[in-house]
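Chain residues, written in single-letter form:
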Amino acid sequence: MSRLRQLRPETSRMLLKTGSYYLMHIMVAAMVAYLVTGNLIASLTLSLLEPTVQAFAYFFHEKAWSRAASRQSQTGGNPAVASAG
């Protein structure tokens, strides 16, 4: 239990930082979308939609990198052999 308490301040800070980055991302996306479209509803929709799509894209991006790393470790670290398979 004491180990969890030691991690807690760092985890809390990380969650706060993640939340603030998410909000900043939404605000920047909304401003850019508004400048492009001139439509407040469209800009808010785009600014909320884009991070959601990005999260799914990141998931599949990570899966692809994980698969590539797995192939590379199976071939003894030779990327040429891994890409040929």
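Residues numbered from 1 in each chain as written. Predicted model: local features only at pLDDT ≥ 70, side-chain atom pairs only at ≥ 80, totals over all residues. Heavy atoms only, no water.

Some details on the overall build of the chain
Of regular secondary structure, the chain possesses three helices and zero strands. In the chain, the order of α-helices and β-strands from amino to carboxyl end is α-α-α. Burial analysis of the chain (85 residues in total) assigns 9% to the buried set. Of the roughly 7,400 Å² of accessible surface on the chain, 67% is carried by carbon and sulfur atoms. (Helix = DSSP H or I, 4+ residues; strand = E, 2+ residues; numbered from the N terminus. Buried < 20%, exposed > 50% of the residue type's maximum accessible area, 1.4 Å probe, protein only. Areas by Shrake-Rupley, 256 points an atom, 1.4 Å probe, with all protein chains shown as cover.)

Comments concerning the layout of surface pockets
What the largest pocket holds in volume is close to 240 Å³. Looking at the lining of the largest pocket, the elements with two or more residues in it are α1 (2–37) and α2 (40–74). Taken together, the residues that form the lining of the largest pocket break down as five nonpolar, three polar and no charged. (1 Å grid on protein atoms, 1.4 Å probe; cavity = no way out; pocket = protein on both sides within 12 Å on 5 of 7 lines; lining within 4 Å. Points joined across faces, edges and corners; volume = space filled by probe spheres on them. Nonpolar A, V, L, I, M, F, W, Y, C, P; charged D, E, K, R; others polar.)

Structural notes on the packing of aromatic side chains
Applying the stated criterion across every chain yields a total of one aromatic pair. Both rings, one in Phe59 and one in Phe60, keep their centres 5.1 Å apart while their planes meet at 80°; by these two values the pair is edge-to-face. Judged by relative accessible area, which is 46%, Phe59 ranks as partly exposed. A relative accessible area of 54% places Phe60 in the exposed class. (Phe/Tyr/Trp six-rings, centres within 6.5 Å; stacked < 30°, edge-to-face > 60°.)

What to know about the side chain of Ser47
Mapping Ser47 onto the fold places it in helix α2. On the basis of relative accessibility, which here comes to 1%, the residue Ser47 falls in the buried class. A polar atom in the side chain of Ser47 sits 2.9 Å from the backbone oxygen of Leu44. If we skip the residues at most four places from it in the chain, Ser47 touches Ile26, Ala29 and Ala30. (Polar contact = N/O pair within 3.5 Å; in protein donor to acceptor, adjacent residues only side chain to side chain. Contact = heavy atoms within 4.5 Å.)

Remarks on α2
Across its 35 residues, α2 extends 51 Å between first and last C-alpha, which sits within 8% of the 51 Å expected from 1.5 Å per residue. All buried positions along α2 are accounted for by Ser43, Ser47 and Pro51. Two or three places before Ile41, at the start of α2, stands the capping residue Asn39, its side-chain oxygen 3.0 Å from that residue's backbone nitrogen. Once α2 ends, the next one or two residues include Gly76, with phi positive near 80°. (Expected span 1.5 Å × (residues − 1).)

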